Amino acid sequence: MHLETDNLTFPAVQGVLQAFHRRLTAQQAFDFAQVLPSVLRALFVADWTAEATALRPHHSLTLPNCV
């Protein structure tokens, strides 16, 4: 992208990850996040509004109001 600073790069990367995330199911997003480096994973799952219990519906002890 040849951006001059990290301050320009950060929102560009965040925007791409958010747009991609919106097009995935909860399971697809979970699987994709598992292969990302930690910083990109944090950006990818930031402000995630999907229900946490949807990821493991038969084994989750997560309360419905956790997200």
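Quick caveat, the model's predicted, so the values are computed rather than measured. (Residues numbered from 1 in each chain as written. Predicted model: local features only at pLDDT ≥ 70, side-chain atom pairs only at ≥ 80, totals over all residues. Heavy atoms only, no water.)

**Regarding the packing of aromatic side chains**
Applying the stated criterion across every chain yields a total of two aromatic pairs. With centroids separated by 4.9 Å and ring planes inclined at 70°, the aromatic side chains of F20 and F32 adopt a geometry described as edge-to-face. Placement of the pair is F20 in helix α1 (residues 6-22) and F32 in helix α2 (residues 26-34), with a sequence separation of twelve residues. Judged by its relative accessible area of 37%, F20 falls in the partly exposed class. For F32, a relative accessible area of 27% corresponds to the partly exposed category. With a centroid separation of 5.1 Å and an interplanar angle of 65°, the aromatic rings of F32 and F44 are classed as edge-to-face. Of this pair, F32 sits in helix α2 while F44 sits in helix α3 (residues 38-45); the two residues are twelve residues apart in sequence, bridging distant segments of the chain. What links up through ring pairs into an aromatic cluster is the set F20, F32 and F44. (Phe/Tyr/Trp six-rings, centres within 6.5 Å; stacked < 30°, edge-to-face > 60°. Helix = DSSP H or I, 4+ residues; strand = E, 2+ residues; numbered from the N terminus. Buried < 20%, exposed > 50% of the residue type's maximum accessible area, 1.4 Å probe, protein only.)

**A word on the environment of T9**
Mapped onto the secondary structure, T9 falls in helix α1. If we skip the residues at most four places from it in the chain, T9 touches M1 and L3. (Contact = heavy atoms within 4.5 Å.)

**Considerations on the nonpolar core**
Listed in full, the six residues of the largest apolar core are L17, A29, A33, L36, L43 and F44. Put simply, the parts of the chain that give this core at least two residues each are α2 and α3. Residues in contact with L17, not counting those within four places in the same chain, are F32, L40, L43 and F44. (Core = buried A, V, L, I, M, F, W, Y, C linked by side-chain atoms within 4.5 Å.)

**Digging into the environment of L24**
Counting through the fold element by element, L24 comes out in the loop between α1 and α2. We classify L24 as partly exposed; its relative accessible area is 22%. Setting aside chain neighbours within four positions, we find L24 in contact with A29 and F44.

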